[in-house]
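Below, each chain spelled out in residue letters.
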Amino acid sequence: MTDKHQKKIGVLGAGAWGTALAAVAAEAGNDVILWSRNEDVVSDINKNHENKLYLKGANLSPKITATAETSALRHCDVLLLVVPSQHLGVVLEAGKDQIDPKTPLVLCTKGVEIKSGLLMTEMIAEILPQNPIAVLSGPTFAIEVANKLPTAVTLACADESLGKALSKTLNNRSFRIYQSLDPIGAEIGGAVKNVIAIACGIVEGKKLGDNARAALITRGLSEIVKLGLAKGGRRETLMGLSGMGDLTLTCTATQSRNYALGKALGEGIAIQDYLKGRITVAEGLSSSKSVTELAQSLSIDMPICSAVCNILHNNANIDETIAQLLARPQKAEA
């Protein structure tokens, strides 16, 4: 990666977050190629400089060119990976011959792959073993980022010089990037917070009060830290933007898709009815299962994530599940 500031940035995935990150990269002075398999989205971005399907209300820079061809990503200086977690591996496998092995990959998707139990970075390393990998995570809502409201995130990369170069390439006046050497910690925080947000949404939907939500956020952070440390992450990372910061935002704002899903469940709406016709992905739906299974494989007790998994995937009764959580044996906080 050269030191020249203006670069060609590829963005794999044109959902709300991918589109917002394309706007970030363009605002930082780069030319941007935004890939989507949806031809209507491609046409809307190229003709109207909008993505009305996924990010209505954001005007996009003419520096952003959309495409449905992965071959257009071949000569990018940086590639941002923003495909939903359970589909990212399939997309990378299909397009790996089009990706230069020297191109830095920035993971912007949050989750653990269900079929393998791998973190996204571990899965990417198996498919594209030569490419350097960084993780971008933090408290962000796509529409606020696209509309240039102040935002701060973590960019984590084990290669400090590459991390600095990537940060310089993507940083702009409204999108402030803090650097980290801990991609595992940043990734764990982003994956698990979506599960805790569903739990907080359920609390809101059941009208259990702010005390209960605050307790869930705090104990949820404890679960994030336990899993992060077990996977080799650092405690300080999980107390920063990509851990506590992202958790706080996702668990307290109705813009959060995961919080909204939990709220609907708490109000008694069946999950099949809630999901019917929706085009956006609540990553916590799949992550609740994969995170819980990963924790079990590491012999880590994560009762909140396990409870959410049972509600979403095992048809557990919400009231009974809450009662079981409250009946757990008392213990020291730390």
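Here, every reference points to the structure presented above.
Residues numbered from 1 in each chain as written. Predicted model: local features only at pLDDT ≥ 70, side-chain atom pairs only at ≥ 80, totals over all residues. Heavy atoms only, no water.

A. Focus on the overall build of the protein chain. In terms of helices and strands, the protein chain carries 15 helices and eight strands. In terms of its C-alpha atoms, the protein chain occupies a principal-axis envelope of roughly 60 × 40 × 35 Å. Taken over 334 residues, the protein chain has a buried fraction of 53%. In the protein chain, of all internal contacts separated by at least 6 residues, the share reaching a separation of at least 24 is 72%. Carbon and sulfur atoms make up 50% of the accessible area of the protein chain, which totals about 15,000 Å². Here the protein chain contributes 34 positively and 33 negatively charged side chains, and the mean placements of these two sets differ by 3 Å. (Helix = DSSP H or I, 4+ residues; strand = E, 2+ residues; numbered from the N terminus. Buried < 20%, exposed > 50% of the residue type's maximum accessible area, 1.4 Å probe, protein only. Contact = heavy atoms within 4.5 Å. Areas by Shrake-Rupley, 256 points an atom, 1.4 Å probe, with all protein chains shown as cover. Lys, Arg positive; Asp, Glu negative; His and termini not counted. Charge placed at Lys NZ, Arg CZ, Asp CG, Glu CD.)

B. Layout of the packing of helix α14 (residues 303-313) against helix α15 (residues 318-326). Here α14 crosses α15 at 165 degrees, and the two axes come no closer than 10 Å. Taken as axis vectors, α14 and α15 run roughly antiparallel relative to one another. Between α14 and α15 lies a crossing of right-handed hand. Note on element contacts: α15 touches α14 through I318, T321 and L325, opposite P303, I304, A307 and I311. Residue composition of the contact of α14 with α15, grouped by class: six nonpolar, one polar and no charged. (Axes fitted to C-alpha atoms, helices over the stretch in contact; angles between N-to-C directions. Parallel < 35°, antiparallel > 145°, perpendicular 65-115°, else oblique. Left-handed = near helix turned anticlockwise from the far one by under 90°. Nonpolar A, V, L, I, M, F, W, Y, C, P; charged D, E, K, R; others polar.)

C. Focus on the environment of L155. Note that L155 resides in strand β7 (residues 151-156). Along the sequence, L155 and E293 sit 138 residues apart, while their C-alpha atoms lie 27 Å from each other. Beyond its immediate chain neighbours, meaning those up to four positions away, L155 contacts A134, V135, L136, G163, L166, S167, L170, I177, Y178, Q179 and S180.

D. Representation of the packing of aromatic side chains within the structure. Applying the stated criterion across every chain, the model contains zero aromatic pairs. In this structure, R278 is placed above the aromatic ring of Y274, and the distance from its NZ or CZ to the ring centre is 3.9 Å. (Phe/Tyr/Trp six-rings, centres within 6.5 Å; stacked < 30°, edge-to-face > 60°. Lys NZ or Arg CZ within 6 Å of the ring centre and 35° of its normal.)

E. Just the sheet that holds strand β4 (residues 78-81), in detail. In spatial order, the strands read β3-β2-β1-β4-β5-β6-β7-β8; together these eight strands make up an open sheet with mixed pairing. The strands lining the two open edges of the sheet, one partner per strand, are β3 (64-67) and β8 (175-180). Between one strand and the next, the sheet's axes are offset by a mean angle of 25 degrees, whatever the strand orientation. The sheet contact formed by β4 and strand β5 (residues 105-107) spans three bridges and is parallel. Each bridged residue has a counterpart across the sheet, and for L81 the counterpart in β5 is L107. Sitting on the sheet, helix α1 (residues 16-27) is in contact with β1 (8-12), β2 (31-35), β3, β4, β6 (133-137) and β8, with an inclination near 170 degrees to β2. (Pairing = 2+ DSSP bridges.)

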